[in-house]
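# Fold and contact review
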Amino acid sequence: MTRQDTDAQTVIGRVTTGMRVVDATGAEVGTVDLVQRGDPNAVTVEAPTADPGSSLDELIESAAVEEPDVPADLAARLLRSGYLKITTSGWAVYALAEQIADVADQRVRLTVPLADLAREE
C-alpha cells in the first residue's frame with residue numbers, strides 16, 4: 001500500500017453515514033449513505049445470468065443489486081480503493097477514497113465536482 005493509499009484510508013475512516021458532502025466547487029452534493037473502506041485484494045465476480053426458465057424468486061434474487069452498482073471495472077476500482085455512496089436529489093453517486101479532500105465539522109469535501117462522480121446504474 002502506498003502512502004497516498006494509506007492517507008486515503010485514514011481520511012475515509014473519519015467519514016460516517018449521514019454526513020453532508022460538498023464537491024470541489026463548494027456545491028452541496030448530498031449525504032453519505034454508505035462508507036466502504038478499501039480492500040487492496042478485492043476482486044469482483046460477474047453476476048450469473050438468470051435462466052429464462054427460472055422461478056420468479058430466482059429471477060428476483062439474480063436481479064438483486066450489490067454495492068457498488070456501477071460497471072464491473074469501476075466496481076473493482078471502488079472496492080480496492082474504498083468509496084462513499086452519496087445520496088443526492090433523486091439518485092446516488094460514488095466517490096473514490098482518494099477523491100475525498102477533507103472531513104471536518106460533519107462535512108465531507110471532495111476534490112472533484114459532482115459531474116465527475118460515478119452515477120449509480
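Below, the structure is looked at part by part. From a predicted model like this one, the values you see are computed outputs, not experimental measurements.

## So, the overall build of the protein
If you tally the helices and strands in the protein, you get three helices and seven strands. The N-to-C order of helical and strand elements in the protein reads α-β-β-α-α-β-β-β-β-β. Counted over contacts in the protein with a minimum sequence separation of 6, partners at least 24 positions apart contribute 59%. Total accessible area computed for the protein in this model is approximately 7400 Å², and 49% of it derives from carbon and sulfur atoms.

## Concerning the environment of arginine 80
Along the chain, arginine 80 falls in helix α3 (residues 72–81). Since its relative accessible area comes to 40%, arginine 80 is described here as partly exposed. For the pair arginine 80 and alanine 97, spaced 17 residues apart in the sequence, the C-alpha separation amounts to 9.6 Å. In contact with arginine 80, not counting residues within four places along its chain, are Gly38, Asp39, Pro40 and Ala42.

## A closer look at the pattern of salt bridges
Counting across every chain of the model gives five salt bridges. Of the charged contacts in the structure, one is a salt bridge between glutamate 67 and lysine 85, with a shortest N-O distance of 2.6 Å. Taken together, the positions of glutamate 67 in the loop between α2 (56–63) and α3 and lysine 85 in strand β3 (residues 82–87) put the pair 18 residues apart, joining distant regions of the chain. Among the residues examined, lysine 85 registers a relative accessible area of 8% and is labelled buried.

## Here we look at unusual backbone geometry
Here the amide bond leading from glutamate 67 into proline 68 is cis, since omega sits at -10°, within 30 degrees of zero. Here proline 68 is to be found in the loop between α2 and α3. If you check the backbone angles, aspartate 105 has positive phi at about 50° while not being a glycine. Mapped onto the elements of the fold, aspartate 105 is located in the loop between β5 (100–104) and β6 (107–110). Take aspartate 105: its relative accessible area is 75%, and that puts it in the exposed class.

Rules used throughout
Residues numbered from 1 in each chain as written. Predicted model: local features only at pLDDT ≥ 70, side-chain atom pairs only at ≥ 80, totals over all residues. Heavy atoms only, no water. Helix = DSSP H or I, 4+ residues; strand = E, 2+ residues; numbered from the N terminus. Contact = heavy atoms within 4.5 Å. Areas by Shrake-Rupley, 256 points an atom, 1.4 Å probe, with all protein chains shown as cover. Buried < 20%, exposed > 50% of the residue type's maximum accessible area, 1.4 Å probe, protein only. Salt bridge = Lys/Arg side-chain N within 4 Å of Asp/Glu carboxyl O.

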